[in-house]
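Residue-level structure breakdown
Listed below are the residues making up each chain.
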Amino acid sequence: MNTGTCNELIGNVTQGHCCFNSNYGFRKESGKCMSCRQASWSAWSSWGPCSVSCLKGVKQRRRRCDGIGECRDPEKLGILQTTICEDIDCCPEQGGWGEWGPWKPCSVSCADGVSSRERLCANPPPKCGGGCDGPGQDLKPCSTGDICPTHGSWSEWGPWNPCSGTCKKEGDNPPSQERRRTCTNPAPSSEPAGRSCQGVDTDTQPCDFLRMCPIDGGWGAWGPLSECSVTCGVGQRFAERNCNNPALKYGGKFCVGDSRTSEICNTQTHCPVDGEWQEWEQWGTCTKGTYPRPISCTKKTGKQSRERSCLFKDFDGHSCAGSPVEHRLCYDISSTSERRCEKPARWNEWTEWSFCHPPCGPGSKQKRERLCVPDLPESENNIYYSGKPRFRCPGLSAENRTQSEDCPNVPAC
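A few points on the structure. Computed from a predicted structure; not experimentally measured.

Conventions we followed
The residue count restarts for each chain, going from 1 along the sequence in the order it is written. Thresholds applied to this predicted model are a pLDDT of at least 70 for local features of residues and 80 or more for the giving and counting of side-chain atom pairs; totals over whole chains, interfaces and linings are not thresholded and use all residues. Water and hydrogen atoms were dropped before computing side-chain values, which therefore reflect all heavy atoms in the structure. Stacked, tilted and edge-to-face are the three classes applied to pairs of Phe, Tyr and Trp rings, where Trp contributes its six-membered ring and a pair requires centres within 6.5 Å; stacked means planes under 30 degrees apart, edge-to-face means over 60, and tilted covers the rest. What counts as a helix is a DSSP run of H or I of at least four residues, what counts as a strand is a run of E of at least two, and both are numbered from the N terminus. Partly exposed describes any residue whose relative accessible area lies between the buried limit of under 20% and the exposed limit of over 50%, with all areas from a 1.4 Å probe on protein chains only and scaled to the type maximum. Only when the NZ of Lys or the CZ of Arg is both within 6 Å of the ring centre and within 35 degrees of the ring normal is a charge said to sit over the ring. Pairing between strands is defined by DSSP: at least two bridges between the two strands are required. All axes here are fitted lines through C-alpha atoms, helices being fitted over the stretch that makes contact, and every angle between N-to-C directions spans 0 to 180 degrees. Only protein atoms enter the 1 Å grid used here. Points where a 1.4 Å probe fits but cannot escape make up a cavity, open sets with protein on both sides within 12 Å along at least five of seven lines make up a pocket, and a residue lines them when an atom lies within 4 Å of a point. Grid points are joined across faces, edges and corners, and a volume is the space filled by probe spheres set on the points. Ten residues, namely Ala, Val, Leu, Ile, Met, Phe, Trp, Tyr, Cys and Pro, are considered nonpolar, four, namely Asp, Glu, Lys and Arg, are considered charged, and the remaining ones, Gly among them, are considered polar. Here, two residues are considered to be in contact whenever any of their heavy atoms come within 4.5 Å of each other. When two cysteine sulfur atoms are found within 2.5 Å, that pair is recorded as a disulfide.

Here we look at the packing of aromatic side chains
This structure, assessed with the given rule, holds three aromatic pairs. A ring pair is formed by Trp 47 and Phe 355, whose centres lie 6.0 Å apart and whose planes are at 35°; its orientation type is tilted. Here the residue Trp 47 occupies a position in the loop between strand E3 (40-41) and strand E4 (57-62), and Phe 355 occupies one in the loop between strand E17 (345-347) and strand E18 (365-369), the gap between them amounting to 308 residues. For Phe 355, a relative accessible area of 38% translates into the label partly exposed. Pairing Tyr 331 with Tyr 385 gives two aromatic rings, centres 5.8 Å apart and planes at 40°, and the pair type is tilted. Taken together, the residues Tyr 331 in strand E16 (residues 325-332) and Tyr 385 in strand E20 (residues 383-386) connect sequence positions 54 residues apart. A cation over a ring is seen here: Arg 308 above Trp 277, with NZ or CZ 3.9 Å from the ring centre.

Focus on the sheet that holds E16
With respect to topology, three strands assemble into an open sheet ordered E14-E16-E20, the strand pairing being mixed. Edge positions in the sheet fall to strand E14 (302-307) and E20, since each has one partner strand and no second. Direction aside, neighbouring strands of the sheet carry axes that sit 55° apart on average.

Let's talk about the layout of surface pockets
Looking at the second largest pocket, its volume works out to about 400 Å³. Looking at the second largest pocket, it is lined by 18 residues, and the ones nearest its centre are Trp 41, Cys 71, Arg 72, Gln 278 and Glu 279. Those elements that provide at least two residues to the lining of the second largest pocket are E3 and strand E13 (276-277). Among the residues making up the lining of the second largest pocket, the classes are represented as eight nonpolar, three polar and seven charged.

Description of the environment of Pro 188
Note on placement: Pro 188 falls in the loop between strand E9 (176-180) and strand E10 (202-206). You can call Pro 188 partly exposed: its relative accessible area is 33%. Once the C-alpha coordinates of Pro 188 and Asn 381 are considered, the two residues, 193 residues apart in sequence, prove to be 97 Å apart. Leave out the neighbours within four places in its chain, and Pro 188 touches Thr 150, His 151, Gly 152, Cys 183, Gly 194, Arg 195 and Ser 196.

With respect to the state of the cysteines
By definition, a disulfide links the sulfur atoms of two cysteine residues through a covalent bond. By the definition in use, this model includes 18 disulfides. Disulfide pairing is shown between Cys 110 and Cys 148; the S-S distance is 1.5 Å. Because the sign of the S-S torsion sets the handedness, a value of about 115° for the bond joining Cys 110 and Cys 148 places this disulfide among the right-handed ones. Pair noted here: Cys 110 is in the loop between strand E6 (80-85) and strand E7 (112-118) and Cys 148 is in the loop between strand E8 (137-143) and E9, with a separation of 38 residues, a long-range link. Taking relative accessible area as the criterion, Cys 148 reaches 24% and is therefore assigned partly exposed. Between the sulfur atoms of Cys 310 and its disulfide partner Cys 320 the distance amounts to 2.1 Å.

Structure (structure tokens):
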């Protein structure tokens, strides 16, 4: 039995009482969370990332078995699947730099600046997203020999002076505060003459952020306990109180503590457990009429059926939706000692590549194959073929019937 994570814990009860509701789970002394329901497979997780960033690798996905008992696995899919992936069909290759270009003119018209030159990453060019090692631009200092004028610029605003009051008075304008700056960052030059700063050196704002004296909140009385949150199994009852005795005002502190409290309630009643369909059994024999009579190849139609079981229903839970039996029309094409049914045959197309096996560790491979199948005409009116006729395909070499290849970069188990 696999485990999951417990959340929304409601308290301590016996395991039996907890599992009155099959949708609940219980936490063991080891800290593991165990489900109350019968064992069933989770959905497959999303495929993980490719094991390599370029060329072929593998990706994996997982599922888990949750609940009491063991999950059925007739197809032997297990808990881990691995398949080949290829995010990019090539890996990056670095290129080489070409020759440096000529130096460009100085970046300024007076005083000192920089000059630059460039080179191209094309000798040879990079491939598949690669680049070139090193910079593509080279810089060196340059000078025009001319002095530039210095234009005045404001310094940063100084800090705000304290407000002219400590709180706002109702009906009056709020207090105000000032800050200043100077034209010294830098100061304008005199030779050659620079421009002075534009704008004002003083800024004033109202102290709107001042507030009334705070009043802290106080808790009112607890309200009555609510009804139990569930009608079966274990739930909770809640009571609430308000932070209004007194109510907080003007930025006062909220009440300390919880506004809601709870206690466990036990209905002593098991919750209904709905039934769950099991996998369909194999299709039965294709027969004609109430008493089984032979059907010769595809000349006559018969019927066949298959069944499935609805398990785990208990405590007045719902039965499984749908029918436990399924019927369909069929042609009995099986070949026996009493009746020979021979059909032409053909090799089908290659199957899809299988999942990698083993799904982790060394020696992982995937395979595909071509199967010899009877060449049956397309049936009409939803009539299915049942049984195995006698048939034989023309000869085909082993390498043209089965193929396999290694799964690269498979993670360790």
